Amino acid sequence: MSALLSVRDLQKTFGQVVAARDINVDVPVGQTVGIIGANGAGKTTFVNMITGHLKPSGGAIIFEGGAITGLPSRKIMRLGVARSFQVAQLFPTYTVFENLCAAIAIAHSGTSVFSAAVARFVSDRTKGEAETALAHFQIAPYRDALASTLPQGMRKLLDIAMATAGNPRLLLLDEPTSGISLEEKFDLMEVIMAALKARGTTVLFVEHDMEIVRRFADRVLAFYDGTVIADGPPTVALDDPRVAEFITGTLIRAKDGTLKAPTVSHA
Ligand SMILES: Nc1ncnc2c1ncn2[C@@H]1O[C@H](COP(=O)(O)OP(=O)(O)OP(=O)(O)O)[C@@H](O)[C@H]1O
Ligand SMILES: [Mg+2]
């Protein structure tokens, strides 16, 4: 099967900082990929290059067989690549339903401008799609609430529902559960992943919580110092010794150079 997304020898430098180097990845249609790595490992940089928010310094990004390397983000979005950010991007003075209508109308029109005046004239098709998104992402109870008043979990769901407005084939989620309590995280991800699976969306999601990665990713890409140090099913990648040492901290290097489980102090 040919890949939906292929990344070849991708590089990014910021002055002296190498934020991405020698990244090679093929993602088939329908896969859910968890991206892990410590702070500053290059996860967001990788996402930003795929979505066109950053221009790579070298290498190629191929989406559905065509090069998208360095194209403007709006063009890449129109080709079927969408994203959410680490902090939700909403219209705070619109209701949940209006936010969805706005995102869908923007996706249909291909423009980036949306005004309250335009919101009154959204088509029945747009409204129908907004109602479907309300149901898929389980935010219907908040339909008429202002976005600014939403609890954090609902903000995340609305943000991701809005990112899927143009029915993207590929969706990149940068830390979808950041700022969400441990108790709420799993339920939130269940809703998000079920909605995306129902749409057949291929997903790359950045996540710091390894239990979430284990549960929801088909495949893990582990980033360290700008490059991929492990790539495989969660059961394999999360047990990789370099991942255990540099990312999850489940192994530490002793003075003699051997890797050991950390000793738990009860002091
Ligand atoms: N616009 C920028 N200008 C200069 N350096 C940058 C820029 N963006 C990222 N970097 C640097 O590139 C490296 C990778 O950063 P990136 O934001 O991709 O990490 P990350 O894995 O997403 O981290 P986090 O888990 O904290 O979100 C870091 O050293 C960071 O300081
Ligand atoms: Mg980041």
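Residues numbered from 1 in each chain as written. Chains lettered and ligands numbered in written order. Predicted model: local features only at pLDDT ≥ 70, side-chain atom pairs only at ≥ 80, totals over all residues.

Q: Any details on the domain arrangement of the protein? Residues and values, ideally.
A: Once the domains are mapped, the protein shows domain 1 (1-80 + 168-267) and domain 2 (89-164). Its C-alpha centre places domain 1 at a distance of 27 Å from the equivalent point of domain 2. Contact with domain 1, which involves 16 residues of that partner, is made by 12 residues of domain 2. Listed by contribution, the elements that provide at least two residues to the side of domain 1 that touches domain 2 are helix 2 (73-79), strand 7 (170-174) and helix 7 (182-199). Looking at the side of domain 1 that touches domain 2 element by element, the count peaks at seven residues for helix 7. For the side of domain 1 that touches domain 2, the class distribution of residues is 10 nonpolar, two polar and four charged. (Domains from an automatic or database assignment. Contact = placed C-beta atoms within 7 Å. Helix = DSSP H or I, 4+ residues; strand = E, 2+ residues; numbered from the N terminus. Nonpolar A, V, L, I, M, F, W, Y, C, P; charged D, E, K, R; others polar.)

Q: Account for helix 5 (residues 124-136), naming residues and giving values.
A: A rise of 1.5 Å per residue sets the reference length of helix 5, with its 13 residues, at 18 Å; its end C-alpha atoms lie 18 Å apart and thus fit the reference within 8%. Of all the positions in helix 5, only Thr-126, Glu-129, Ala-130, Ala-133 and Leu-134 are classed as buried. Projected onto a plane normal to the axis of helix 5, the buried residues spread over an arc of 145 degrees and lie on a single side. Facing away from the buried side of helix 5, by more than 90 degrees, are the exposed residues Asp-124, Arg-125, Gly-128 and Ala-135. Of the surrounding elements, those touching the buried residues of helix 5 are helix 3 (96-109) and helix 6 (152-163). One or two positions beyond helix 5, positive phi appears at Gln-138, with a value near 55 degrees. (Expected span 1.5 Å × (residues − 1). Buried ≥ 20, exposed ≤ 12 C-beta atoms within 10 Å, placed from the backbone. Arc of directions from axis to C-beta.)

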